[in-house]
Structures are given as structure tokens and as C-alpha cells.
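What follows is the residue order along each chain.
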Amino acid sequence: MVSSRNDCSCHWWNQRNCRYAIVEELAGLGATIHTCSRNEVQLNDCLSQWKMKGFDQVTGSVCDVVSKAQREELINKVSSLFHGKLNIFINNVGTAELKPAIESTTEDYSCIMSTNLESAYHFSQLAYPLLKVSGAGNIIFMSSVAGVVSVGTAGSIYGATKGAMNQLAKNLACEWAKDNIRTNSVAPWFIRTPLTEPLLSNQKFLEAVNSRCPLGRTGEPKEVSALVAFLCFPAASYITGQTICVDGGFTVNGLLFQGP
């Protein structure tokens, strides 16, 4: 997410529901937003939908975050739009390859690492001067519970990128606190999106997922976007360097013994 001083904003990539919900959450709170996708058709479709909902302050660019040059071009565009200042930057891109470690290739590793981690690191570097100038900057990393505990379905490379992202949030929180920049990581469990629907449509898999979640259900995009919005606003001004799980209790669930 990106924003100008006295506005909020957000950064949305090519996976809809959670990203879409974050845009709408902040736009509904009055945010001025610039978003992106590598898919121009999908981007324009979303921009049209938001315009029909009255979110005229949402704009967007085409950007493939794997490309260093396109990352730099996007930040230059954002700097121009928001007059060199950002309040919020949300690193909100992700991909995964659901393979056992022994079957993962060097191409899998390179793709997932560059998409999930390298882009987040470089974008944070590029956004830093704009966040510093704003006087009250916020970075949110969209992580996963796969970076906190082992989640076999996600794949080892994906989990490694999200674990590194959580650590990056801690390091930047300490390094950039002097510049009044807060950095946090949001780690969802299974959220109902088009990306997860193929898995969750399998009844046995869904039952297994729900059985490990104390609240007994999957999450909704709105439950993620609400936390993101909270972390971006003054109410969270003393929260930095944290990995906050949106998981219905999944990551704290142990053995539940109910007796014979």
C-alpha cells in the first residue's frame, strides 16, 4: 500500500479477495489509493468496479513485481501521485507451488523467492524515503501462518519466504523506528478466496482444516482487511515489529484430549 500524508492508500496485486477487501476497507475510510496488478484486464476490471462503488480515489498501474525495473517505475509513479510522501505501504503479493521439498526445482525456488521476498524487500527500500518524509510511515507485510508454523500444504519454499518476511518486519521495525516508520506482518490462515477455493472445496480437506482451528471455520477477507486497516491508523501507534496471525487460533492449537 502506498499513500500521501493525511491519506491512506493501498497496494493490491493479482490475487483478488483479500487484496480487494483491503482496498475497499481503506477506501471506505477515505484513503487515497494506488494499486497494481501484472494483469491489465484484471486491474481495469477492479478499477471499474471500485468506481461504480464510488471509490474514485483508487487508481492503478500494471506492474510485474518480479521485475526490478517495473518495481522502480511503480514507486516513481507513486511518488509523483502522492507528491513524494507515503503514509502506508503494503507488500501484498504472493505465489506458491504446492510440492514436496524433494520435488521442488531451482526454477520453483527462484520464482517464489523473487515474487514473495525479493519484491517485498526491494519495495520497502524504494518506499523508505517517501515514508520517512511523511513523518508517520507504516509498512504492512502480508505474510502467512506458513511462516510461523509448519503447514505442509503450502510448500517449504513458500513457508521460508513468509518466515523471512516476518523477520524482515522485525528488523525494519527496529532499524527505521528513528524515522517514525512502523513495520508489522499480518499472517492469515485459510481465508476464503479464489486461490484457496480449489482446496477448500474438498470436503475432507475442509474438515481437516476446521478441526485444527479452535473457531472451527475458515476466515473471510474482511477479517484480514480489518486488521490491516487497524495497523495503519493512529490507534496502533505503539505496535511495531509484530507478526499478528489471523487464524482463528490455529497457530496456538495444541492437543485437545476430550477423554474416552
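The structure under discussion appears in the preceding block.
Just so you know, these numbers come straight off a predicted model, no measurement behind them.

### Concerning the environment of G219
- Mapping G219 onto the fold places it in the loop between α7 (203-211) and α8 (221-232).
- Exposure remark for G219: the relative accessible area of 13% places this residue in the buried category.
- Through-space distance from the C-alpha of G219 to that of G163 is 21 Å; in sequence the pair is 56 residues apart.
- In this structure G219 touches F190, I191 and R192, once residues within four positions along its chain are discounted.

### Examining the packing of helix α3 (residues 68-81) against helix α4 (residues 106-134)
- Between α3 and α4, the least distance of the axes is 10 Å, while the angle of their chain directions is 30°. Considering the angle they form, α3 stands roughly parallel to α4. Here α3 runs over α4; the crossing is right-handed. Here K68, R71, E72, L74, I75 and S79 of α3 come into contact with α4, specifically with E118, S119, H122, F123, L126 and L130.

### Remarks on the packing of α4 against helix α5 (residues 156-175)
- One can describe the packing of α4 onto α5 by two numbers: an axis separation of 9 Å at closest approach and a directional angle of 15°. Taken together, the axes of α4 and α5 lie roughly parallel to each other. Once α4 is placed against α5, the crossing between them reads as right-handed. Mapping the contact onto sequence places D108, Y109, I112, M113, N116, L117, A120, Y121 and S124 in α4 and I157, Y158, A160, T161, K162, A164, M165, L168 and L172 in α5.
- A class-by-class count of the residues in the contact of α4 with α5 yields 13 nonpolar, three polar and two charged.

### Side note on the environment of S156
- Following the sequence through the fold, S156 ends up in helix α5.
- S156 sits 54 residues away from I102 along the chain, and the two C-alpha atoms are 9.8 Å apart.

### Some words on the sheet that holds strand β5 (residues 181-188)
- Across the sheet, four strands lie side by side as β3-β4-β5-β6; this open sheet has parallel pairing. Two strands bound the open sheet, and with one partner strand each, they are β3 (88-91) and β6 (243-246). The sheet shows a mean angle of 20° between the axes of neighbouring strands, direction not considered.
- This element, α8, spans β3, β4 (137-142), β5 and β6 of the sheet and lies at about 170° to β5.

### Regarding the packing of aromatic side chains
- In this structure the tally under the stated criterion is six aromatic pairs.
- A centroid spacing of 5.5 Å and a plane angle of 40° characterise the contact between F89 and F123, whose relative ring orientation is tilted. Within this pair, whereas F89 is found in strand β3, its partner F123 is found in helix α4, the two being separated by 34 residues in sequence. F123 carries the same exposure label as F89, and that label is buried.
- With a centroid separation of 3.7 Å and 5° between ring planes, the pair formed by W189 and F250 is classed as stacked. Of the two residues, W189 is situated in the loop between β5 and α6 (197-200) and F250 in the segment after β6; the sequence distance between them amounts to 61 residues. With respect to burial, W189 and F250 carry one shared label: buried.
- Within the aromatic cluster, the residues linked to one another by ring pairs are W189, F190, F205 and F250.

### Structural notes on the pattern of salt bridges
- Enumeration over the complete set of coordinates arrives at 10 salt bridges.
- Measuring nitrogen to oxygen at the nearest pair gives 2.7 Å for the salt bridge that ties K68 to E72. Residue K68 and its partner E72 are located together in helix α3, separated by four residues, close to a single helical turn.
- Note that D179 and K132 form a salt bridge whose closest N and O atoms lie 3.8 Å from each other. Residue D179 is located in the loop between α5 and β5, and its partner K132 is located in helix α4; the two are separated by 47 residues in the primary sequence.
- Each of K132, K178 and D179 takes part in salt bridges that share partners, so that together they form one network.

Cut-offs used in this document
Just so you know, the residues in each chain are numbered from 1, in the order the chain's sequence is written. Restriction of local features to residues with pLDDT of at least 70 applies here, the model being predicted, together with a cutoff of 80 or more for giving and counting side-chain atom pairs; totals for whole chains, interfaces and linings are based on all residues. To obtain the side-chain values, all non-hydrogen atoms of the structure were included, while hydrogens and water were left out. A run of H or I in DSSP becomes a helix once it reaches four residues, and a run of E becomes a strand once it reaches two; helices and strands are each numbered from the N terminus. Remark: exposure states derive from per-residue accessible area (1.4 Å probe, protein chains only) relative to the maximum for the residue type, with buried under 20%, exposed over 50%, and partly exposed in between. In this description, contact between two residues means that some pair of their heavy atoms is separated by no more than 4.5 Å. Axis definition: a line fitted to C-alpha atoms, limited for helices to the stretch in contact. Angles are taken between N-to-C directions and run from 0 to 180 degrees. Working definition: roughly parallel below 35 degrees, roughly antiparallel above 145 degrees, roughly perpendicular at 65 to 115 degrees, and oblique for all remaining angles. It is the rotation of the near helix from the far one that decides the hand of a crossing: anticlockwise by less than a right angle makes it left-handed, clockwise makes it right-handed. By the convention adopted, Pro, Cys, Tyr, Trp, Phe, Met, Ile, Leu, Val and Ala count as nonpolar, Lys, Arg, Asp and Glu as charged, and the other residues, Gly among them, as polar. Pairing between two strands is assigned when DSSP locates at least 2 bridges connecting them. When two rings of Phe, Tyr or Trp (its six-membered ring) have centres within 6.5 Å they constitute a pair, described as stacked for plane angles under 30 degrees, edge-to-face for angles over 60, and tilted for the intermediate range. What makes a salt bridge here is a side-chain nitrogen of Lys or Arg within 4 Å of a carboxyl oxygen of Asp or Glu, nothing more.

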